[in-house]
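# Chain and residue survey
The chain contents come next:
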Amino acid sequence: MRPVRLLKEKSLSSFKETRSSAVVVDAPPIAPASRLAYWTPSLLALLSAGLLWLGWPVHPALFALLLLVAFVPYLRMEQLLVSRGASGWKVFRYTYLMLVLWNAFTTWWVSYSTVGGGIAAVVLNALLMCLPTMAFYHTKRLAGPTIGYLSLPVYWIAFEQLHLHWDLTWPWLTLGNGFAQANQWVQWYEYTGFLGGSLWIWIVNLLVFNSLTKYLAAKQPSAPELSRVQIMRLRWLPFLAILLPVMLSKSIGANYQEKGKTAEVLVIQPNIDPYQEKFEGKANFIPYDEQLSRLIQITEKNLTPQTKLVMWPETALDEPYWENIFDSNSKVQRVRNFLQQHAGLELITGVTSLQSYPSKETASPTARFRDDLGYYDVFNTAAFLPGPVGPPVFYHKSRLVPGVEKVPVALTKLIANIDLGGTVGSYGSQAERTVFNTKTPDLRVAPVICYESVYSDFVAEYVRNGATLIGIITNDGWWSDSPGHLQHLQYATLRAIETRRDIARSANTGISGFIDQTGHIITQTGWWIQTARRYPVHLNTELTFYARHGELIGPAMQVLAVLLLAFTLVRRFVKVA
């Protein structure tokens, strides 16, 4: 047994020596150039995200110029990865890094409303944005760089058009919204809508990237020199692509005159904290009767004999109101009595309303069921009261916030039998855009509720239906004092330009105010104060090209995207064959 033990000890000693000697052998140091090359794609992704964030509202208007070059680092990143032989998975990872950083930098404030929702908005929206960027990568790989780069704006805008209409809609970062702070540069939105801004951003970015790429290629030792004509073209094309749209916009804006008769409108900002005061069960809940008293008192204080219309914010009357017996509610009767004291005064107010259905067969797809109530819908509603008498008119919010107000039908059915401690399902909605026709000549109001004001063609539908004034009612207090409520206000200026309609905006906690037909904010309130604003709005009855014809760029890009994808797939199968 002893020799065997000695042999084992010797073998173990030999193994330890070998292992030790292997450990002490140093790996060759990484050269600084190699280390920089490794981090270059990440740095380029960070640079693109940073430029997009800096160019986005509500940074100074001049910063919007950064949007016109913000994707150049991304394009260089993709080019660099491909030249190194990176896989599609690796390209996706760095692309996603850029997009998730941009989403996080720009819409982090959603987490004030709900942390989970804020994280989901950033993570999932960035993931969805990878659809057009990866379609571009594969098209470029299979069909060549020329078609590949031309496909990028097509895929991106086709995706933005989709993102305006499906259940997962979240168009907050539609590129054309980026000029909301610099809306004097995009007065031509009255022809193109905000997707025209998305197209402009991509055209300039691609031209700048093309110029930089060719300049860098010409500096290689064996590369031929660029001719003087080529240099001039590479310099002037991006410059003109930036300058000409701005000059056109300045010309349109300088020559535009406010149109239509005038009517005095009053918007109320009651400033009721949605987290602590507004809703029953909260720590400092203000009884609904007291909330109504505050609204009436602020209105009384700011009325003049010329005031024709008063607007109260989203869910100003939050206690659920059955629409079929609306006028029998004691609070509605208080409002009617108030209107009776002011001849000719009419009111638009936010309401949480309910509508019942006699049977399952007549119920809507979003209807809920309770044993004591039967089938019914819950609506985020704008109610129009045409004075002390006359039937109320209701509009039901129809662009609902995903996950908060709208749950996909399939998911609703899946969780319908699970006790979640409350109601399950989406708010109800409606197919048509209702316009409130007042007694004042030409005063026909588009009741736009909160999130709906982000949708350009949606708002234009009201105008096609005869609206002469856009009335936005909202509660932006959910986002606290963050860029969220400021961006929301600025986006409304683009809707004014697209439709050439004045906008009256009543926000629960701010910012309330008025916007003219060129997108200029005429007057506005402060944030988180109890106040009101009054202004004689213009009532334009003419239709802009965009309002008359609706969204043309988005659907056209979707058709082109389908054709490009089909062409790319054919090329792939031809190569395989």
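I will try to describe carefully the structure that is included in this document.

Cut-offs applied
Residues numbered from 1 in each chain as written. Predicted model: local features only at pLDDT ≥ 70, side-chain atom pairs only at ≥ 80, totals over all residues. Heavy atoms only, no water. Axes fitted to C-alpha atoms, helices over the stretch in contact; angles between N-to-C directions. Helix = DSSP H or I, 4+ residues; strand = E, 2+ residues; numbered from the N terminus. Parallel < 35°, antiparallel > 145°, perpendicular 65-115°, else oblique. Left-handed = near helix turned anticlockwise from the far one by under 90°. Contact = heavy atoms within 4.5 Å. Expected span 1.5 Å × (residues − 1). Buried < 20%, exposed > 50% of the residue type's maximum accessible area, 1.4 Å probe, protein only. Salt bridge = Lys/Arg side-chain N within 4 Å of Asp/Glu carboxyl O. Core = buried A, V, L, I, M, F, W, Y, C linked by side-chain atoms within 4.5 Å.

What follows concerns the packing of helix H8 (residues 195–218) against helix H9 (residues 228–255). Contact geometry of H8 with H9 gives a least axis separation of 9 Å together with a crossing angle of 165°. Viewed along their axes, H8 and H9 adopt a mutual orientation that is roughly antiparallel. When the axes of H8 and H9 are compared, the crossing they make is left-handed. Packed against H8, whose contacting residues are Trp200, Val204, Leu207, Val208, Asn210, Ser211, Lys214 and Tyr215, the element H9 presents Ile231, Leu234, Arg235, Leu237, Pro238, Ala241, Ile242, Pro245 and Val246 at the interface.

Here the focus is helix H10 (residues 288–302). With 15 residues, H10 should cover 21 Å at 1.5 Å per step; its first-to-last C-alpha distance of 22 Å lies within 8% of that length. Among the residues of H10, those classed as buried are Tyr288, Gln291, Leu292, Ser293, Leu295, Ile296, Ile298 and Thr299. On its buried face, H10 sits against strand E1 (261–269), strand E2 (307–311), strand E3 (317–322), helix H11 (330–340) and strand E14 (531–539).

So, about the environment of glutamine 257. Following the sequence through the fold, glutamine 257 ends up in the loop between H9 and E1. By relative accessible area, which is 58% here, glutamine 257 ends up exposed. Sequence separation between glutamine 257 and threonine 518 is 261 residues, and the spatial gap between their C-alpha atoms is 8.7 Å.

When their charged atoms lie close together, side chains carrying opposite charge are able to pair. For the structure on display, the rule yields 16 salt bridges. Its salt-bridge partner being aspartate 476, residue arginine 505 comes within 2.9 Å of it at the nearest N-O pair. In this pair, arginine 505 sits in strand E11 (residues 502–507) while aspartate 476 sits in the loop between strand E10 (469–474) and helix H14 (483–499), placing the two residues 29 residues apart along the sequence. For the pair arginine 505 and aspartate 476, one class covers both residues: buried.

Ranked by size, the top nonpolar core spans 117 residues in total, and within it Phe71, Trp102 and Phe179 carry the most contacts. Ranked by size, the runner-up nonpolar core spans 24 residues in total, among them Trp312, Ala316, Val351 and Phe394.

One can find valine 335 in helix H11. Expressed as a C-alpha distance, the spacing of valine 335 and isoleucine 147, which sit 188 residues apart in the sequence, is 62 Å. Once residues within four sequence positions are removed from consideration, valine 335 is found in contact with Leu292, Trp312, Leu347 and Leu385.

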